[in-house]
Amino acid sequence: MTYKTEVITCHTTVGYRCDLYLVAAEHHLGGQGVFAVHVNLCVCTLLFPVIAIDIDPEKLSLARNNAEVYGVADQIEFVCGDFMVLAADLQADVVFLSPPWGGPDYATAEIFDIQTMICPDGFEIFRLSKKITNNIVYFLPRNADIDQVASLAGPGGKVEIEQNFLNNKLKTITAYFGDLIRHDIS
């Protein structure tokens, strides 16, 4: 894990309490599977149980090791499987999505299309997550198409989009939906 990941993810976890937090490390996640579990570990003590899903058993093993290092492995259920298949049977108060961005090529695109550049389709991942809960955190590359991200909220819906900077450089964005939107911002 890198310092960058810890700084960005610590902010993501602060301020929302729930009974069950589902971390959905989706289908063919690549290196982000470890990150998805880490999103809750930077505070060193989990406030709620977590389900961590990844299709890659190696990445899940790394995530389990990270959880043991932070002393929270007993609060996380590690599931090796495809989120796209498992989603229909999942229940949670919050879903954190960190889908695959297609390797390092995502950074060379002027605009990252969440529908065509995420496999499986980023809209479909979100649709399946909405069947679990309206409270969704979507972690995306800095060049994600903001209009597409906003459209996920639906007509009249709201989304809070946070830019994540490190050393004065935009690294990623995080989109919050449902009750995760802060009400103290104008």
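Placed above this text is the structure.
Predicted model, so just to flag it, every value in this text is computed and none were measured.

Calculation rules
- Residues numbered from 1 in each chain as written.
- Predicted model: local features only at pLDDT ≥ 70, side-chain atom pairs only at ≥ 80, totals over all residues.
- Heavy atoms only, no water.
- Phe/Tyr/Trp six-rings, centres within 6.5 Å; stacked < 30°, edge-to-face > 60°.
- Buried < 20%, exposed > 50% of the residue type's maximum accessible area, 1.4 Å probe, protein only.
- Salt bridge = Lys/Arg side-chain N within 4 Å of Asp/Glu carboxyl O.
- Helix = DSSP H or I, 4+ residues; strand = E, 2+ residues; numbered from the N terminus.
- Expected span 1.5 Å × (residues − 1).
- Polar contact = N/O pair within 3.5 Å; in protein donor to acceptor, adjacent residues only side chain to side chain.
- Contact = heavy atoms within 4.5 Å.
- Pairing = 2+ DSSP bridges.
- Right-handed = clockwise from strand over helix to strand, strands pointing away.

**Concerning the packing of aromatic side chains**
Consideration 1: Across all of its chains, the model carries 5 aromatic pairs by this definition.
Consideration 2: Aromatic side chains Trp101 and Tyr106 sit 5.0 Å apart centroid to centroid with 70° between the ring planes, which places their arrangement in the edge-to-face category. Each of the two residues, Trp101 as well as Tyr106, counts as buried.

**Topic: the pattern of salt bridges**
Consideration 1: Under the definition given, this model contains 3 salt bridges.
Consideration 2: The partner of Glu124 in a salt bridge is Arg127, and the shortest N-O contact between them spans 2.5 Å. Placement of the pair is Glu124 and Arg127 together in helix H5 (residues 122-130), with a separation of 3 residues, close to one helical turn.
Consideration 3: Owing to a relative accessible area of 37%, Arg127 belongs among the partly exposed residues under this scheme.

**Describing helix H3 (residues 57-70)**
Since there are 3.6 residues in each turn of an α-helix, residues three or four apart along the chain are aligned in direction.
Consideration 1: Here H3 spans 20 Å end to end across 14 residues, near enough to the 20 Å set by a 1.5 Å rise per residue.
Consideration 2: Two or three places before Glu58, at the start of H3, stands the capping residue Asp56, its side-chain oxygen 2.8 Å from that residue's backbone nitrogen.
Consideration 3: With its phi angle positive at about 75°, Gly71 sits one or two positions after the end of H3.

**Regarding the side chain of Gln148**
Consideration 1: Within the element layout of this structure, Gln148 appears in helix H6 (residues 146-151).
Consideration 2: A distance of 2.9 Å separates a polar atom in the side chain of Gln148 from a polar atom in the side chain of Asp113.
Consideration 3: Setting aside its immediate chain neighbours within four residues, Gln148 contacts Phe112, Asp113, Ile114, Gln115 and Phe123.

**With respect to the pairing of strand E4 (residues 94-97)**
Consideration 1: Judged by which residues are buried, E4 turns out to be covered on both faces: Val94 and Phe96 on one side and Val95 and Leu97 on the other are all buried.
Consideration 2: Bridging between E4 and strand E5 (residues 136-141) involves 3 bridges; their strand directions are parallel. Across the sheet, the residue bridging to Val95 is Ile136, located in E5.
Consideration 3: For the crossover from E4 across H5 to E5, the handedness is right-handed.

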